Amino acid sequence: MANYNYPTDRIFIPRSIIWSFRDNARVFESQLSGAIQSTSVPGTRWACSLIFDNHLPEDRAQIEGFFSLIRRQNRIVMHRIDRPKALGTINSGGVLLNSVLAQFGSTAVLKNCGANKLLKAGSMLGIGSQLFMTAFDAVSDGSGIMSVTLSIPSRTSYATNTTVTLNKPTAKWIYNSNGADFARSGQVATPLTIDLVEVF
């Protein structure tokens, strides 16, 4: 098993992206009343589909080579390509956890955000080895302290002063299936979809 950074060459920029999550939830429905109870347990993960347009054969060959290497054995290290930076006015660097983020916690308190700065809902941020998304807008106080609601709970605990990455935070990815089909029509490599799921 090896980790490979997602290539930055222009041909690896997809035409569109489908971003999604795979919830590790349990749902129980009463056989008598039909009432439903649900609970989420640790293990929710991100998923995404990279959708490419037609390519010239020599360009598609590079894509085929890279994704054939990954398979389900190796890992892609990749940020969210369509949303590489945090949204809002928050400082882009130097942000740290102001207090411990507990395992299964969904609130992170950040420091060094800048005074009265905004972090918008849907922003991606990296804490330790986990990629998070913010659930709501958050505004820092005059001291640069900000309380952020995370859309997915933390899989583990992170100590005070852990770095918070706001510029291209990454996750590790593998194929969501056992293979990919690289189609071609004449001299054109036809549209291609690569389905990936987060791995940890």
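Here, every reference points to the structure presented above.
Bear in mind that the values here come from a model prediction, so they are computed numbers and not experimental data.

Caption draft 1: The arrangement of the overall build of the chain in detail. Within the chain, the secondary structure is distributed over one helix and 18 strands. With respect to the three principal axes, the spread of C-alpha positions in the chain is 60 × 55 × 30 Å. Counting the 200 residues in the chain, one finds 38% classified as buried. Considering only intrachain contacts with a sequence separation of at least 6, the fraction spanning at least 24 residues in the chain is 71%.

Caption draft 2: Representation of the sheet that holds strand β14 (residues 164–165) in the model. Taking strand neighbours across the sheet as the criterion, the three strands line up as β11-β10-β14 in an open arrangement whose pairing is antiparallel. Edge positions in the sheet fall to β11 (130–133) and β14, since each has one partner strand and no second.

Caption draft 3: Structural view of unusual backbone geometry. At F104, a residue that is not glycine, the phi angle is positive and equals roughly 70 degrees. On the basis of relative accessible area, F104 is assigned to the partly exposed category, the value being 48%. Positive phi values are uncommon outside glycine, yet K168 reaches one of about 55 degrees. Secondary-structure assignment places K168 in the loop between β14 and β15 (170–175).

Caption draft 4: Molecular detail of the sheet that holds β15. Strand order across the open sheet formed by six strands is β1-β6-β15-β18-β5-β2, with mixed pairing between neighbours. Two strands lie at the open edges of the sheet, namely β1 (3–5) and β2 (16–22), each paired on one side alone. Ignoring which end each strand starts from, the neighbouring axes of this sheet average 35 degrees apart. Bridge analysis of strand β6 (residues 75–79) against β15 gives four bridges, and the strand direction is antiparallel. Its bridge partner being in β15, I76 is matched across the sheet by W173.

So, how was this worked out
Residues numbered from 1 in each chain as written. Predicted model: local features only at pLDDT ≥ 70, side-chain atom pairs only at ≥ 80, totals over all residues. Heavy atoms only, no water. Helix = DSSP H or I, 4+ residues; strand = E, 2+ residues; numbered from the N terminus. Buried < 20%, exposed > 50% of the residue type's maximum accessible area, 1.4 Å probe, protein only. Contact = heavy atoms within 4.5 Å. Pairing = 2+ DSSP bridges. Axes fitted to C-alpha atoms, helices over the stretch in contact; angles between N-to-C directions.

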